[in-house]
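# Coordinates in review
Below, each chain spelled out in residue letters.
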Amino acid sequence: MAPTVPAATSNSPAKKTSAPEKKYKCQFCNRAFSRSEHRSRHERSHTKERPFKCLKCRSTFVRRDLLLRHDRTVHAKDGGVPLVSEGRRRGGNSGVQKTSPVPGPSKPSITIDPATLEQIEASSDGMVDLETAAMLMTDFQHKAAAAATGNNVHERSGSDTSYSPGRGPLLEPPVAYLSGNATLPQMPWDTLVSPTDSKHHSMNTSFTSQDGGSHTHQLPSIMDRHVSRDGLAPSVHSLVDSLPVSGNSTPNALSPYPSMTGPVSPVNYRRSPGPSQALTSPKAPQIANDMERQIIVDRVKAADSLSTLPEGFQLPNTAALNKYLSTYFNLYHHHLPFLHQGSFKPTTASPPLLLAVLSIGALYTFEREHAFMLHVGSKVLVNQFLQQKDNFDSRKCPLWAMQSTLLNMIFESWSGDPKGLEWTCSIKSLLANMVAGNRYQLKLRTEAREGRQPTREEWIEDETCRRTYYAVYIFFGMLTLTFNHTPGMSLDELDSLELPSSESLWNLEATDEETWRRSLASSTVITVREAHDRLFQGEQTRYSAFATRVMINALFLQVWSHKRSFEALQDVVTEYKLRLALETWENSLDVCEPETIVVPLSTPQKGHPLIFNSMAIYRNTRARLEVDLKSVQEALRYHSSYEVAAAMTVARDKVKRSTEMNKVIQQCFECIEIAAVQGINWVAKTSATNWSVEHPLCGLDLMVILSLWLYRLEHDEEPATEAEIALYSKVRSLFDDDAIDAYGKLSSTVARVWGNILDGVVVWGITKLMGESFKLHAQALVGYEDSLHVAKDQPLQPMPTKSLASVGTAY
């Protein structure tokens, strides 16, 4: 009888906690719970709140014990300090033992969706299936370890004052340049550094004292931060695993994250460099020692003559500064190379420009608080400079002010916060005026030489100016492409300027003046107007990779302007000319200037990353000749994923079925094929730090068009043509049967997978917004099975936000 007594006593609590005592009712459904914390946990399955964030990666959890288990299993090899629970919970020790990774490589992994598991646990009144969680986390660790770079997290135990985005003085900026979202207080990026635990990530030095210690806050492996797949549904696991994985995973010693970047980009476009062309690899500027860092500290203090920098402003230590410089010049700079890498010296660079460069570098290391602090510091110093000029004259505005403002606008525009975009729009005309005045000064300097060839120093100064103007022109074009904003600059303002030189000449390290002059004399010189006219005349033109990016931006803006004109439907001639120019632009890639620059990035397309970026704009431009999705672009301005997804789904009628549309769908297919051929998993983890922001921004239109076109083929009564069936089959071949069956339709599969790619590693917050929007759009496509059989005179009125919101509540 002894064994039966414990059984009886163990059953008695179950009777006491039965349904009649579940007095805590969920406010969203009919569930009730015996304890309030169980109800709170359950309600997170409705609100999607995941308040427990991992400080070592981007994973979030609905419960603290899941965070602790994640830390013990996933980050066991990091070498960092493990998290400590507030109190051992029932089953905690056994859970640790069960989730210990098995060293053997043969252990099979399961593809269970962590978010789904947590939702099941949250609604189970505290009963957790630890074995299932253990299997999931072990699989998680195996995938994380596959590409770990070996970097460890060294956390400081000191009490340095950290910089918090919520600091009071920054929320109410006193000056016009800092108006709008000067502080990005609600950036919706995944919080990699929790403000409440920021002492572990505090900066080592401040303006008032210099830390002589050599301890460095190292960035954990990007793979270890990201490989959590808690955003993927179970069917996506089978989908991404079934697609081919890129072989481009060769470690690259030039990159700060070797296992992330794959091989070095090919150094030429269609052919190898000649025997006399030596390959070069410009090195990122660095700070030699703490003495040089102190020089920078003193220069920043001197620039802050009005003492308006926030009280808690701190400059990272030397190692962190060098890390940010490396990530900027190795990962970001090649996509918009307007700074001269060889002559950029941190100790002599203008403090606002240096802080702006460092802020974007910090973004690429996922150190958001440091990036935020450096960004605000740059804005404050630029604003001080503008305030101290009694009569602002754009002709006398230094180049560094323009460059700093451009980088600050880029930082805010792609932050994922609508206030940052509003600030950008508020000073867009200021930046355009800076370009206009500075361009006039460049013209005067050029005329003063009276035909004399410039010295190397003069040429670098002039080329830096030209490249900065073009960078602003390209950035304004991206604002138009993404948010349907009126262009901030016209091509007429730049038509007499020479196009940017080749990257080889731009980075040339000439040993003597004669070598330099020979290289300059052999380079191609062509103005914007000449290149533009040749495109419309059907003549292939030889120019550089940067010039290629400038010209496709010009063609995109012309297509945008054409589609906005009232005469666009009748103006067949203009549209024909635009198509001819686009075709000529593409053919001109065959004659682009070959490069001898080794770029530490991996892109699927041969050649400089600027060519790869240009192709993204080209595909988007071709699509815009047929489909205008301005309602989606305008919804993006307000950064609500539900509104963006609603605009996506409502745009069905704008996607027609025709022969011309088939050509657009081919462009869309090429866009997603790049991800499939490279490996969707690999692209989701590496594209954020290897590819430019153009790719997710341009891919938005293409994937919306593709998903809606597929939806029409799946639901229209009109039978598909042979060409449409062929295109549908090409897209279908990218996915396995299980993935299609899980989502129901190919249209929904495409949207969902693209959303998961964008929601992978987040450098720019706007990609997170777009990823969430695509996931909601995918659910709307599944839920909206043409159930709206309403009167023919009201075919789509019940569709928009209401039906999508009802789908989103279950998301």
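The numbering scheme is per chain: residues are counted from 1 as the chain's sequence reads. Totals for whole chains, interfaces and linings use every residue, but because this is a predicted model, local features are given only for residues with pLDDT of at least 70 and side-chain atom pairs only at 80 or more, for both listing and counting. Excluding hydrogens and water, the side-chain values take into account all heavy atoms of the structure.

### A closer look at the overall build of the protein chain
We count a stretch as a helix when DSSP gives it H or I for four or more residues in a row; a strand needs E for two or more, and each element gets its number in order from the N terminus. When you go through the protein chain residue by residue, the secondary structure sums to 34 helices and four strands. Within the span of the protein chain, comprising 811 residues, buried residues form 56% of the whole. What makes two residues a contact is simply this: any of their non-hydrogen atoms within 4.5 Å. Considering only contacts within the protein chain whose residues lie at least 6 apart along the sequence, 78% involve residues at least 24 apart. Accessible surface is estimated by sampling points in the Shrake-Rupley manner with a 1.4 Å probe; for residues, cover comes only from the protein chains shown. Total accessible area computed for the protein chain in this model is approximately 33,000 Å², and 52% of it derives from carbon and sulfur atoms. Each residue is assigned to one of three classes by its accessible area relative to the maximum for its type, calculated with a 1.4 Å probe on protein chains only: buried under 20%, partly exposed between the two thresholds, exposed over 50%.

### Quick word on the confidence of the model for the protein chain
As a per-residue measure, pLDDT tells how confident the predictor is, with possible values from 0 to 100. Here the protein chain averages 74 in pLDDT, while 67% of its residues score no lower than 70. Put simply, helix α34 (residues 801–808) is where the protein chain has its lowest mean pLDDT, 28, and helix α13 (residues 351–363) is where it has its highest, 97. Residue range residues 785–811 is modelled with pLDDT below 50. Its contacts to residues more than four positions away, or to other chains, number 38 contacts.

### Quick look at the packing of helix α14 (residues 368–388) against helix α15 (residues 399–413)
Closest axis-to-axis distance for the α14/α15 pair is 10 Å, and the angle between their directions is 140°. Viewed along their axes, α14 and α15 adopt a mutual orientation that is oblique. Two packed elements cross with a definite hand, and for α14 against α15 that hand is left-handed. Contacts from A371, F372, H375, S378, K379, V382 and F385 in α14 reach W400, A401, S404, T405, N408, F411 and E412 in α15. Each residue is assigned to one of three groups, with Ala, Val, Leu, Ile, Met, Phe, Trp, Tyr, Cys and Pro labelled nonpolar, Asp, Glu, Lys and Arg labelled charged, and all others, Gly among them, labelled polar. Taken together, the residues of the contact of α14 with α15 break down into seven nonpolar, five polar and two charged. As a rule, the C-alpha atoms of each element are fitted with a line to give its axis, helices using only the stretch in contact, and angles between N-to-C directions run from 0 to 180 degrees. We call two directions roughly parallel when the angle between them is under 35 degrees, roughly antiparallel when it is over 145, roughly perpendicular when it lies between 65 and 115, and oblique otherwise. Each crossing is labelled by how the near helix is turned from the far one, with a counterclockwise turn of less than a right angle marking it left-handed and a clockwise turn marking it right-handed.

### Comments concerning the environment of A371
In this fold, A371 is placed in helix α14. With a relative accessible area of 0%, A371 lands in the buried category. Sequence separation between A371 and V357 is 14 residues; the distance between their C-alpha atoms is 9.7 Å.

### With respect to helix α12 (residues 318–332)
Multiplying 1.5 Å by the helix residue count minus one yields the expected span of that helix. With 15 residues, α12 should reach 21 Å at 1.5 Å per residue; the first-to-last C-alpha distance of 20 Å fits that figure. Among the 15 residues of α12, 14 are classified as buried, and the element is accordingly described as predominantly covered.

### Here's the deal with the packing of helix α18 (residues 456–483) against helix α24 (residues 609–624)
With their axes 13 Å apart at the nearest point, α18 and α24 run at an angle of 45° to one another. It follows that α18 is oblique to α24 by the angle criterion. Taken as a pair, α18 and α24 cross one another with a handedness that is left-handed. Packed against α18, whose contacting residues are M478, T480 and L481, the element α24 presents I617, N620 and R624 at the interface. Across the contact of α18 with α24, the residue classes break down as three nonpolar, two polar and one charged.

### So, the environment of F385
Topologically, F385 is positioned in helix α14. In this structure, the C-alpha to C-alpha distance between F385 and C397, residues twelve residues apart in sequence, is 9.8 Å. Those residues within four positions of F385 in sequence are excluded, and the remaining contacts are P398, W400 and A401.

### Concerning the packing of aromatic side chains
Working definition: a ring pair exists when centres of Phe, Tyr or Trp rings (six-membered ring for Trp) sit within 6.5 Å. Plane angles under 30 degrees give stacked, over 60 give edge-to-face, the rest tilted. The full count for this structure, using the stated rule, is 14 aromatic pairs. Ring geometry for Y328 versus F329: centroids 5.0 Å apart, planes at 80°, classification edge-to-face. The same class applies to Y328 as to F329, namely buried. With a centroid separation of 5.4 Å and 45° between ring planes, the pair formed by Y328 and Y332 is classed as tilted.

### Examining the environment of G607
One can find G607 in the loop between α23 (572–588) and α24. Taking the relative accessible area as the measure of exposure, G607 reaches 0% and is therefore buried. Sequence-wise, G607 and P594 are 13 residues apart; in three dimensions their C-alpha atoms are separated by 8.4 Å.

### Some words on the pattern of salt bridges
We define a salt bridge as a side-chain nitrogen of Lys or Arg found within 4 Å of a carboxyl oxygen belonging to Asp or Glu. Considering all chains together, one arrives at 26 salt bridges under this definition. Between R467 and E463 there is a salt bridge, and its shortest N-O distance comes to 3.0 Å. Separated by four residues within a single helix, R467 and E463 lie in helix α18, roughly one turn from each other. A residue is classified by how much of its surface remains accessible, and E463, at 1% relative accessible area, is buried. Here E626 and R579 are joined by a salt bridge, their closest N and O atoms 2.5 Å apart. Of this pair, E626 sits in the loop between α24 and α25 (630–636) while R579 sits in helix α23, and the two are 47 residues apart along the sequence.

### Thoughts on unusual backbone geometry
For S307, which is not glycine, the phi dihedral falls at a positive 55°. The topology assignment puts S307 in the loop between α11 (290–303) and α12. Phi at E450 is positive, roughly 55°, even though this residue is not glycine. Using a relative accessible area of 72% as the deciding quantity, one classes E450 as exposed.

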